[in-house]
Amino acid sequence: MTMNPNGPALRGAVDLSGLGAKPRTTAQSAPQGAHPGIVEGTDANFAAIVELSKTVPVVVDLWATWCGPCVQLSPILEKLVIEADGRLVLAKVDVDANPGLAGAFGAQSIPTVVGLVGGQPVELFTGAIPEAQVREVFAQLLALAAQHGVTGSIPVDGETPAEVEDPVNPHFQAAFDAIEAADYPAAAAAYRAALAENPRDSDASAGLAQVNLLERLHGKTLDAIRNAAALNPTDVSAQLDVADLDLSGGHVEDAFARLLDLFKTASADDRQVIRARLLELFEVVGLTDPRVNAARTALASLLY
């Protein structure tokens, strides 16, 4: 975390004002999510969100659907913003769909969480951190905003989203609840139950792949994974762990390249293991992603 509770300052090095359309003046101009304080940030509408930060501090969550730590962090951010009762706004930015914003914030990995106060960005933290630490960061952001006269809020009582979302599949809800509790086996079981009812459910397949990734990384440290791989460059299990780590941190092409290189010299049995992991990681990233298409083509050339 780069925010200093003893004297945080606004950074003016990143100019966000030119992004998207001409700024609009109200909080309601940004597309609403399931709560008035949670909005979707896009390259096209972000100028309105920057303008909003002159009234109420904004937390920007740079994330992606395939990012395991993002899945862990997002429910925490949403919960604490809702608890803030209108004194904070959460802008969720899908970096794959909004490369302009990802570049503007200089996001080297995801999740990256940035604050906006008075139209200026404030570095907060990267990676998934515990709820208690997020709560502390939000308290610091509110204090910083108060120092700069940004003490407004948005109305939340009686507000309803602009569009009512379809009811959540009960298996998916069970999976979401289990993920929030870090009970990954239970989340996997919920997704498998959804697939038992509908084997063609691509969302359940992707969810299961994401949960499997989270479970494999749970309890392991970055240094331990990288050190094991460096000491054992031909150990398939160690290299699979690094590929998981790279992909969860947003280094998708590095993860795929590592496994494809490993595949070239692997035994027949190990090739089956590597291929299975690649197919699962393809699900995590998304089967229509161009990086998946390129890796799938490279794998096919190695197989045939």
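For the structure itself, consult the block above.
Trainee: Is there a simple way to think about the environment of glutamine 239 in this case?
Mentor: Relative to the helices and strands, glutamine 239 resides in helix H9 (residues 236-248). Its relative accessible area of 5% is what places glutamine 239 among the buried residues. Through-space distance from the C-alpha of glutamine 239 to that of alanine 229 is 5.6 Å; in sequence the pair is 10 residues apart. Beyond its immediate stretch of four places on either side in the chain, glutamine 239 contacts Ala229, Asn232, Pro233, Arg258, Leu259 and Leu262. Among the polar contacts listed, one links the side chain of glutamine 239 to the backbone oxygen of alanine 229, at a separation of 3.1 Å.

Trainee: Explain the sheet that holds strand S3 (residues 89-94) here, please?
Mentor: Strand pairing within a sheet occurs via backbone hydrogen bonds; the two strands may be parallel or antiparallel. Taking strand neighbours across the sheet as the criterion, the five strands line up as S1-S3-S2-S4-S5 in an open arrangement whose pairing is mixed. Single-partner strands in this sheet number two, and they are strand S1 (38-40) and strand S5 (120-126). Neighbour-to-neighbour, the strand axes of the sheet open up by a mean angle of 25 degrees, direction not taken into account. Two elements, strand S2 (residues 58-63) and strand S4 (residues 112-117), share five bridges in a ladder whose sense is antiparallel. Paired with valine 58 across the bridge in S4 is leucine 116. Of the strands in this sheet, S2, S4 and S5 are in contact with helix H4 (residues 131-147), which crosses S5 at around 165 degrees.

Trainee: Any chance you could explain the side chain of arginine 216 here in plain terms?
Mentor: Relative to the elements of secondary structure, arginine 216 occurs in helix H7 (residues 202-217). Setting aside anything within four residues of it in sequence, one finds arginine 216 in contact with Asp244, Arg277, Glu280 and Leu281.

Trainee: What should I look at first to understand helix H2 (residues 68-83) in this one?
Mentor: Since the α-helix packs 3.6 residues into each turn, any two residues three or four apart lie on the same face. Along its 16 residues, H2 runs 24 Å from first to last C-alpha, staying within 8% of the 22 Å computed at 1.5 Å per residue. After H2 finishes, the residue aspartate 85 shows a positive phi value of roughly 60 degrees.

Trainee: Which parts of the structure should I look at to understand helix H6 (residues 184-197)?
Mentor: Between its first and last C-alpha, H6 extends 20 Å over 14 residues, near the 20 Å set by a 1.5 Å rise per residue. Regarding H6, the residues found buried are Tyr184, Ala187, Ala188, Ala190, Tyr191, Ala194 and Leu195. The buried residues of H6 occupy an angular sector of 160 degrees when the element is viewed end-on, so they sit on one face. Exposed side of H6, more than 90 degrees from the buried face: Ala196 and Glu197 are the residues found there. The inward-facing, buried residues of H6 contact H2, helix H5 (170-180) and H7.

Trainee: How should I be thinking about the state of the cysteines in this particular structure?
Mentor: Where two cysteines share a covalent bond between their sulfur atoms, that bond is called a disulfide. Applying the stated rule across the entire model yields one disulfide. Residue cysteine 67 pairs covalently with cysteine 70 via a disulfide, S to S 2.4 Å. Negative torsions about the S-S bond denote left-handed disulfides, and the value of about 80 degrees found for cysteine 67 with cysteine 70 makes this one right-handed.

Trainee: Looking at this structure, how should I read the packing of H2 against H4?
Mentor: Any two packed helices are characterised by the angle at which their axes cross and by the distance between the axes. For the pair H2 and H4, interaxial distance at closest approach is 10 Å and the crossing angle is 45 degrees. The orientation of H2 with respect to H4, classified from their angle, is oblique. Crossing handedness for the pair H2 and H4: right-handed. Contacts from Leu73, Ile76, Leu77, Lys79, Leu80, Val81 and Glu83 of H2 reach H4 at Glu131, Val134, Arg135 and Phe138. Split by residue class, the contact of H2 with H4 holds seven nonpolar, no polar and four charged.

Trainee: How should the nonpolar core be read in this particular structure?
Mentor: What tends to happen in soluble globular proteins is that the nonpolar side chains get buried as a cluster. Within the largest apolar cluster, 55 residues are counted, with the highest numbers of intra-cluster contacts made by Phe46, Val60 and Phe256. One finds Ile38, Ala84, Val113 and Val137 within the second-largest nonpolar core, a separate group that totals 23 residues.

Trainee: I keep staring at the packing of aromatic side chains and nothing clicks. Help me out?
Mentor: For any pair of aromatic rings, the description consists of the separation of the ring centres together with the inter-plane angle of the planes. In total, this model carries four aromatic pairs according to the counting rule given. Geometrically, the ring pair formed by phenylalanine 46 and phenylalanine 105 is edge-to-face, given 5.9 Å between the ring centres and 85 degrees between the ring planes. Taken as a pair, phenylalanine 46 in helix H1 (residues 46-52) and phenylalanine 105 in the loop between helix H3 (99-104) and S4 lie far apart in primary sequence, 59 residues in all. Ring geometry for phenylalanine 172 and tyrosine 191: centres 5.6 Å apart, planes at 65 degrees, overall edge-to-face. A residue pair is termed long-range when its members are at least 10 positions apart, and phenylalanine 172 in helix H5 and tyrosine 191 in helix H6 qualify at 19 residues. Comparing phenylalanine 172 with tyrosine 191, the two get one shared label, buried. Among the aromatic residues, those joined into a ring-pair cluster are Phe172, Phe176 and Tyr191. Sitting over the face of the ring of tryptophan 63, lysine 92 holds its NZ or CZ atom 5.3 Å from the ring centroid.

Trainee: Explain the packing of H7 against helix H11 (residues 268-285) to me, please; I cannot follow it from the model alone.
Mentor: Where H7 meets H11, the axes come as close as 8 Å, and the angle between the chain directions of the two elements is 115 degrees. By the angle class used here, H7 and H11 are roughly perpendicular. The handedness of the crossing between H7 and H11 is left-handed. Every residue of H11 that contacts H7 at Ser205, Ala206, Leu208, Ala209, Gln210, Asn212, Leu213 and Arg216 is listed here: Arg277, Glu280, Leu281, Glu283 and Val284. Of the residues contributing to the contact of H7 with H11, the split by class is six nonpolar, three polar and four charged.

What counts and how
- Residues numbered from 1 in each chain as written.
- Predicted model: local features only at pLDDT ≥ 70, side-chain atom pairs only at ≥ 80, totals over all residues.
- Heavy atoms only, no water.
- Helix = DSSP H or I, 4+ residues; strand = E, 2+ residues; numbered from the N terminus.
- Buried < 20%, exposed > 50% of the residue type's maximum accessible area, 1.4 Å probe, protein only.
- Contact = heavy atoms within 4.5 Å.
- Polar contact = N/O pair within 3.5 Å; in protein donor to acceptor, adjacent residues only side chain to side chain.
- Pairing = 2+ DSSP bridges.
- Axes fitted to C-alpha atoms, helices over the stretch in contact; angles between N-to-C directions.
- Expected span 1.5 Å × (residues − 1).
- Arc of directions from axis to C-beta.
- Disulfide = S-S within 2.5 Å.
- Parallel < 35°, antiparallel > 145°, perpendicular 65-115°, else oblique.
- Left-handed = near helix turned anticlockwise from the far one by under 90°.
- Nonpolar A, V, L, I, M, F, W, Y, C, P; charged D, E, K, R; others polar.
- Core = buried A, V, L, I, M, F, W, Y, C linked by side-chain atoms within 4.5 Å.
- Phe/Tyr/Trp six-rings, centres within 6.5 Å; stacked < 30°, edge-to-face > 60°.
- Lys NZ or Arg CZ within 6 Å of the ring centre and 35° of its normal.

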